[in-house]
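# Observations on the three-dimensional arrangement
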Amino acid sequence: QVQLVESGGGLVQPGGSLRLSCAASGSIFSIPTMGWYRQAPGKERELVAYITIGGSTNYADSVKGRFTISRDNVKNTVCLQMNSLKPEDTAVYYCSANRHGIVTWGQGTQVTVSS
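All of the points below concern the structure found in this document. (Residues numbered from 1 in each chain as written. Predicted model: local features only at pLDDT ≥ 70, side-chain atom pairs only at ≥ 80, totals over all residues. Heavy atoms only, no water.)

### Some thoughts on the sheet that holds strand β1 (residues 4–7)
Strand order in the open sheet formed by 4 strands is β1-β3-β8-β7, and the pairing between neighbours is antiparallel. The sheet is open, and its two borders are formed by β1 and β7 (67–72), each paired with just one other strand. If you compare each strand with its neighbour and ignore which way they point, the axes differ by 15° on average. Sheet analysis places β7 next to strand β8 (residues 77–82), joined by 6 bridges and oriented antiparallel. What sits directly across from I69, in β8, is L80. (Pairing = 2+ DSSP bridges. Helix = DSSP H or I, 4+ residues; strand = E, 2+ residues; numbered from the N terminus. Axes fitted to C-alpha atoms, helices over the stretch in contact; angles between N-to-C directions.)

### What to know about the pairing of β1
Going residue by residue along β1, you find L4 and E6 tucked away on one face and V5 and S7 left uncovered on the opposite face. The sheet contact formed by β1 and strand β3 (residues 18–24) spans 4 bridges and is antiparallel. Across the sheet, the residue bridging to L4 is A24, located in β3. (Buried < 20%, exposed > 50% of the residue type's maximum accessible area, 1.4 Å probe, protein only.)

### Overview of the nonpolar core
Counting residues in hydrophobic clusters, the biggest one holds 28 residues, and the most contacted among them are M34, W36, L80, M82 and Y93. When residues of this core are traced back to their parent elements, those giving at least two are β3, β4 (33–39), β5 (46–52), β7, β8, β9 (91–99) and β11 (109–113). Sequence-distant contacts of L80, defined by excluding residues within four places in its chain, comprise L18, R19, L20, W36, V48, A49, F67, T68, I69 and Y93. (Core = buried A, V, L, I, M, F, W, Y, C linked by side-chain atoms within 4.5 Å. Contact = heavy atoms within 4.5 Å.)

### A short note on the pattern of salt bridges
Taken as a whole and judged by the stated rule, the model has 4 salt bridges. Put simply, R38 and D89 hold a salt bridge, and the shortest N to O gap is 2.9 Å. Note that R38 is positioned in strand β4 and D89 in the loop between β8 and β9, a separation of 51 residues in sequence. K64 is paired through a salt bridge with D61; the nearest N and O atoms lie 3.1 Å apart. We classify K64 as partly exposed; its relative accessible area is 48%. Owing to a relative accessible area of 65%, D61 belongs among the exposed residues under this scheme. (Salt bridge = Lys/Arg side-chain N within 4 Å of Asp/Glu carboxyl O.)

### Description of unusual backbone geometry
Not every positive phi belongs to a glycine, and S84 is a case in point at roughly 50°. In this fold, S84 is placed in the loop between β8 and β9. At H100, a position not held by glycine, the phi torsion is positive, near 55°. You can see H100 is positioned in the loop between β9 and β10 (102–105). For H100, a relative accessible area of 70% gives the class exposed.

What follows is the structure, given as structure tokens:
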């Protein structure tokens with residue numbers, strides 16, 4: 001079972017950009033789905049985006065056109081490029097690895113969008 005470590009969070013002004021990275025302790029080559037979730041204070045954790053082993057992607061409606069997910073099966077990393085950030089994007093962002101229903105989570109990284 002891989003361990004996941006997120007990085008790249010921080011404080012950014014509205015309209016700004018951040019790039020989150022998720023480093024896996026082992027190979028992600030055979031993991032069917034890698035994803036990013038987020039959880040804002042007082043809210044449930046929600047899917048932001050996922051990418052399959054074949055490179056297919058899916059995004060939450062709220063981030064379509066602004067966020068881009070990518071995976072590198074050689075470097076064992078998954079990234080989330082976030083552009084045109086809004087205050088409502090403020091949350092703890094979690095990386096996930098879904099292997100046939102068995103989900104592994106990272107510890108999360110805080111993203112705060114505020115002026």
